[in-house]
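Chains, contacts and geometry: an overview
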Amino acid sequence: MIRHTISLREPMSQYIDGRIAEGQYGNVSEYFRDLVRRDQERRQSAMDELKALIDKAEASGISEKTVEDIWKEAKARYVKRHGDISPNG
């Protein structure tokens, strides 16, 4: 195993010690390993979601709309949600 050394402010250290005292973790290393695992899972989930969105977009085909059409629709949605845009809009 590789050893890492980190520095924490007192409130963070006390928080981790509290989690250990509650029995959630056996020691500081277990706490940090759990944080890393959760971060890895969250990142993988975000990548999977992004890939699914890209696959869906690619499967939808090429749009017949012009860039101007897309901008008009986007501006209309914005105005509907947030009110009018700049006077030059």
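Parameters and conventions
Residues numbered from 1 in each chain as written. Predicted model: local features only at pLDDT ≥ 70, side-chain atom pairs only at ≥ 80, totals over all residues. Heavy atoms only, no water. Helix = DSSP H or I, 4+ residues; strand = E, 2+ residues; numbered from the N terminus. Buried < 20%, exposed > 50% of the residue type's maximum accessible area, 1.4 Å probe, protein only. Expected span 1.5 Å × (residues − 1). Polar contact = N/O pair within 3.5 Å; in protein donor to acceptor, adjacent residues only side chain to side chain. 1 Å grid on protein atoms, 1.4 Å probe; cavity = no way out; pocket = protein on both sides within 12 Å on 5 of 7 lines; lining within 4 Å. Points joined across faces, edges and corners; volume = space filled by probe spheres on them. Nonpolar A, V, L, I, M, F, W, Y, C, P; charged D, E, K, R; others polar. pLDDT = per-residue confidence, 0-100. Contact = heavy atoms within 4.5 Å. Axes fitted to C-alpha atoms, helices over the stretch in contact; angles between N-to-C directions. Parallel < 35°, antiparallel > 145°, perpendicular 65-115°, else oblique. Salt bridge = Lys/Arg side-chain N within 4 Å of Asp/Glu carboxyl O.

For the rest of this paragraph, the subject is the environment of K75. Positionally, K75 belongs in helix α3 (residues 67–82). The class for K75 is partly exposed, based on a relative accessible area of 35%. Along the chain, K75 and I16 lie 59 residues apart, while their C-alpha atoms are 48 Å from each other.

Helix length check: helix α2 (residues 28–59) (32 residues) gives 47 Å between terminal C-alpha atoms against 46 Å at 1.5 Å per residue, within 8%. Where α2 begins, the side chain of N27 points an oxygen toward the backbone nitrogen of S29, at a separation of 3.0 Å. Where α2 terminates, the next one or two residues include G61, which has phi positive at roughly 90°.

In this section: the layout of surface pockets. Approximately 420 Å³ is the volume found for the largest pocket. Looking at the largest pocket, the residues that line it are M1, I2, R3, H4, T5, I6, V28, S29, F32 and R33. Looking at the lining of the largest pocket residue by residue, the classes come out as 5 nonpolar, 3 polar and 2 charged.

It is worth spelling out the confidence of the model for the protein chain at this point. Overall, the predicted model of the protein chain reaches an average pLDDT of 94, with 96% of residues at or above 70. In the model of the protein chain, α3 stands out as the element of lowest mean pLDDT, 94, in contrast to helix α1 (residues 10–21), which has the highest, 98.

Mapped onto the elements of the fold, R19 is located in helix α1. Residue R19 is classed as buried on the basis of its relative accessible area, which comes to 19%. Once residues within four sequence positions are removed from consideration, R19 is found in contact with Q24, Y25 and Y31.

For the pair α1 and α2, interaxial distance at closest approach is 10 Å and the crossing angle is 100°. Between α1 and α2, the crossing angle belongs to the class labelled roughly perpendicular. Touching Y15, I16, R19 and I20 of α1 are V28, Y31 and F32, all from α2. When its residues are assigned to classes, the contact of α1 with α2 shows 6 nonpolar, no polar and 1 charged.

We now examine the pattern of salt bridges. The tally for this structure, following the rule as stated, stands at 6 salt bridges. Among the salt bridges present, the one from D39 reaches R42, with a minimum N-O distance of 3.5 Å. Here D39 pairs with R42, and both are found in helix α2, just 3 residues apart, close to one helical turn. Salt-bridge contacts for E68 lead to K72; the nearest nitrogen and oxygen are separated by 3.2 Å. A residue pair is termed a helical-turn pair when its members lie 3 or 4 positions apart in one helix, as E68 and K72 do in helix α3 at 4 residues.

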